[in-house]
Structure formats: C-alpha cells, structure tokens
Amino acid sequence: IEEAESVAIDATEVENGGSVVLRQAKIDGEVRLVASVIGGDLDVSGARLEHRGAMALDLSRALVKGALFLRGEAEVKGALAMTGASIGTISRSRR
C-alpha cells in the first residue's frame, strides 16, 4: 500500500472482535488504529511500515486484548505512538 504523503490505512475507533493481521505487509504512509479495539492480536510480523519523518504506526488509546507481534524482520520507519494504549503483551523477536 502506498500513500506516502498521508494516511495509508485509517481504522480509527474500529471495533474488531478478532485479530488484525498485517504480516509481511509493505505499507508506505501512516497506519492509524487510534482508539480501536482489537479483540485478538495485532500481528505485524515481517511487515515494513514506513512513513519517515512522520507517524508510521499510531496505536494511541488502542486496546489490543491479545498480543502485538513484531517478529521476524518487522520494521517501523517513522514514529510509533502508543500513548494510552493497552496491549496484552508485546512479542518482539528476530526469528
């Protein structure tokens, strides 16, 4: 997904009973999940989220009931905001 000048994905205040999977995604632009409720996991394993000099991933005030997976070669190039977020656990590994 390319929207380098602005928001590539806007899921502000979305309520999802399951998981959000962005595994292996290549996204240029902001991924906005502000104040969203994710009933399962947020999996960005192996993903490249890029918005240099700006917000790349905004999880402010989000509720992730499961885990945030940042495994493999996951990269966030740009700002990562998690102010006020509630995340069950964060899993980060290079494998």
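Above this text is the structure in question.
Residues numbered from 1 in each chain as written. Predicted model: local features only at pLDDT ≥ 70, side-chain atom pairs only at ≥ 80, totals over all residues. Heavy atoms only, no water.

(A) A look at the pattern of salt bridges. Taken as a whole and judged by the stated rule, the model has seven salt bridges. The shortest N-O distance in the salt bridge between arginine 48 and aspartate 28 comes to 2.7 Å. In this pair, arginine 48 is assigned in strand β7 (residues 48-58) and aspartate 28 in strand β4 (residues 26-32), connecting sequence segments 20 residues apart. Arginine 48 sits in the partly exposed class, given a relative accessible area of 21%. Aspartate 28 sits in the buried class, given a relative accessible area of 17%. (Salt bridge = Lys/Arg side-chain N within 4 Å of Asp/Glu carboxyl O. Helix = DSSP H or I, 4+ residues; strand = E, 2+ residues; numbered from the N terminus. Buried < 20%, exposed > 50% of the residue type's maximum accessible area, 1.4 Å probe, protein only.)

(B) Expanded view of a nonpolar patch on the surface. Among the surface-exposed residues, Leu80, Met82 and Ile90 lie close enough to one another that they form a single nonpolar patch of about 250 Å² accessible area. Along the chain, methionine 82 falls in the loop between β9 (75-81) and β10 (86-93). According to the relative accessible area criterion, methionine 82 is partly exposed, its value standing at 33%. (Patch = residues over 30% accessible without salt bridge, like charges linked within 9 Å, V, L, I, M, F, W, Y side chains within 5 Å. Areas by Shrake-Rupley, 256 points an atom, 1.4 Å probe, with all protein chains shown as cover.)

(C) Geometry of the nonpolar core. Within the largest apolar cluster, 18 residues are counted, with the highest numbers of intra-cluster contacts made by Val31, Leu33, Leu42, Val44, Leu49 and Leu59. For this core, the leading source of residues is strand β8 (residues 63-71), giving three residues. The contacts of leucine 33, once residues within four sequence positions are left out, are Ala11, Leu42, Leu57, Asp58, Leu59, Ser60 and Ala62. (Core = buried A, V, L, I, M, F, W, Y, C linked by side-chain atoms within 4.5 Å. Contact = heavy atoms within 4.5 Å.)

(D) Representation of the environment of alanine 54 in the model. Counting through the fold element by element, alanine 54 comes out in strand β7. Residues alanine 54 and threonine 89 lie 35 residues apart in sequence; the distance between their C-alpha atoms is 25 Å. The residues contacting alanine 54, other than those within four sequence positions of it, are Gly78 and Ala79.

(E) The arrangement of the side chain of aspartate 58 in detail. One can find aspartate 58 in strand β7. At a separation of 2.7 Å, a polar atom in the side chain of aspartate 58 contacts the side chain of serine 60. When residues no more than four places from it in sequence are discounted, the contact partners of aspartate 58 are Glu30, Val31, Arg32, Leu33, Val34 and Ala81. (Polar contact = N/O pair within 3.5 Å; in protein donor to acceptor, adjacent residues only side chain to side chain.)

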